[in-house]
Amino acid sequence: MKLSVSFHALTAQRQRIKAPISNWELKAAYLSPRELILADLETGIDIQLDELETSTGGLLSYRGEQVLLYIRDTGASKWVLENEPEKSRKFHVAECITLDAMRQQGRFERYVVISGNDGVFPVDWKDPDTGERGSTEAELKVCKNCLKALDWLGYENSENREVSGDGTKMTRREIFQSFDISDFLLSYSTFFHQKPSRKASEAELNSYVPNWSKISTQRRKQAKWCCEKCNVDLKHAPSALHCHHRNGVVTDNRAVNLEVLCALCHANQPNHGHMKVNAKTKATILKARG
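What you see is a predicted model; the values in this text were computed from it and never measured. (Residues numbered from 1 in each chain as written. Predicted model: local features only at pLDDT ≥ 70, side-chain atom pairs only at ≥ 80, totals over all residues. Heavy atoms only, no water.)

(A) Quick peek at the packing of aromatic side chains. With the rule as written, the count across this model stands at 4 aromatic pairs. Ring pairing ties together the aromatic residues Y70, F91, F121, W152 and F179, which thus form one cluster. When the ring centre of F176 is taken as origin, the NZ or CZ atom of K144, which lies over that ring, is 4.7 Å away. In this arrangement the basic side chain of R172 is found over the ring face of Y155, its NZ or CZ atom lying 4.7 Å from the centre. (Phe/Tyr/Trp six-rings, centres within 6.5 Å; stacked < 30°, edge-to-face > 60°. Lys NZ or Arg CZ within 6 Å of the ring centre and 35° of its normal.)

Structure representation (structure tokens):
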């Protein structure tokens, strides 16, 4: 749509008061390089390994700025996230055994990156009773394995802990509970060997798509209704055959991320301790295995 703008009234007023014409020009306001980086990091950015820099102590940073890593899909209820976030998932500030384990399990994609020092993270919640899902913000707690890896305030080695005025040292629990992101970022730059591809602001709500049933059926048909782990044939019992998301992101329905598994093999996958197989289904699979 073309807009027609007239300044006749303004020009007439200027001429009436005999005001001179200003030489002012409209110019774009440019952000400094650091301001651009900070603006991008507020919502999260993906970076290549060669963009990382090594800082004092062997820690890595991105152009001098810090990044935090966490799982947006917490699986916790909204009430827990807003009132007892310590009972939910933790955020990471350094390389630790938890991240190594997630990589080995092929589930690194469940993490998103974000920066900031307010300790508030955009997260997804799930109601345990109704299954309803949504998004909120939560003050997540730091990963204890990260504190251990960095020996933050002597978390791993008690001899490195400061002695207070009364001659006592902080306990591990006290170090964990008192962890403050602002204080930490003043001392360290967080580092990671690789970056997940999802930004915090772009990560979809981790909920099954409306046509998931059709996608699951098609994938199981392609596998000829056989488990791709134990090879059991379940044509006669298709409900005992599941379609598993390898990286844990149920909105990622790429063929490479979908694996057909019998219920027993599915329940044995990493982070599937919540999955229970009823006696009837278990008996059906074991019988089919022979």
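(B) Highlighting helix 10 (residues 279-289). One side-chain oxygen at the N-terminal end of helix 10 lies 3.2 Å from the backbone nitrogen of K280; it belongs to N278. G290 occupies a position one or two residues after helix 10 and carries a positive phi of about 80°. (Polar contact = N/O pair within 3.5 Å; in protein donor to acceptor, adjacent residues only side chain to side chain. Helix = DSSP H or I, 4+ residues; strand = E, 2+ residues; numbered from the N terminus.)

(C) Structural context of the pattern of salt bridges. Applying the stated rule across the entire model yields 8 salt bridges. A salt bridge links D124 to R72, with the shortest nitrogen-to-oxygen separation between them at 3.2 Å. One end of the pair, D124, is in strand 5 (residues 121-126); the other, R72, is in the loop between strand 3 (68-71) and helix 3 (78-83), with 52 residues separating them in the sequence. With respect to burial, D124 and R72 carry one shared label: buried. One salt bridge in this structure joins D73 and R133, with 3.8 Å as the shortest N-O distance. Highlighted residues: D73 in the loop between strand 3 and helix 3 and R133 in strand 6 (residues 133-138), separated in sequence by 60 residues. The class of D73 is buried, set by a relative accessible area of 12%. R133 sits in the partly exposed class, given a relative accessible area of 23%. (Salt bridge = Lys/Arg side-chain N within 4 Å of Asp/Glu carboxyl O. Buried < 20%, exposed > 50% of the residue type's maximum accessible area, 1.4 Å probe, protein only.)

(D) Region of interest: the nonpolar core. In terms of nonpolar packing, the biggest core is built from 36 residues, with Y70, F91, V93, F121, L140 and F179 touching the most fellow members. Residues W225, C227, L241 and V260 belong to the second largest nonpolar core, which totals 15 residues. (Core = buried A, V, L, I, M, F, W, Y, C linked by side-chain atoms within 4.5 Å.)

(E) Region of interest: the environment of S207. As for its position among the elements, S207 is in the loop between helix 7 (181-187) and helix 8 (212-222). Given the relative accessible area of 26%, S207 is considered partly exposed. C-alpha separation for the pair S207 and R133, spaced 74 residues apart in sequence, amounts to 7.6 Å. Ignoring any residue separated from it by four or fewer positions in sequence, one finds S207 in contact with R133, V250 and T251. (Contact = heavy atoms within 4.5 Å.)

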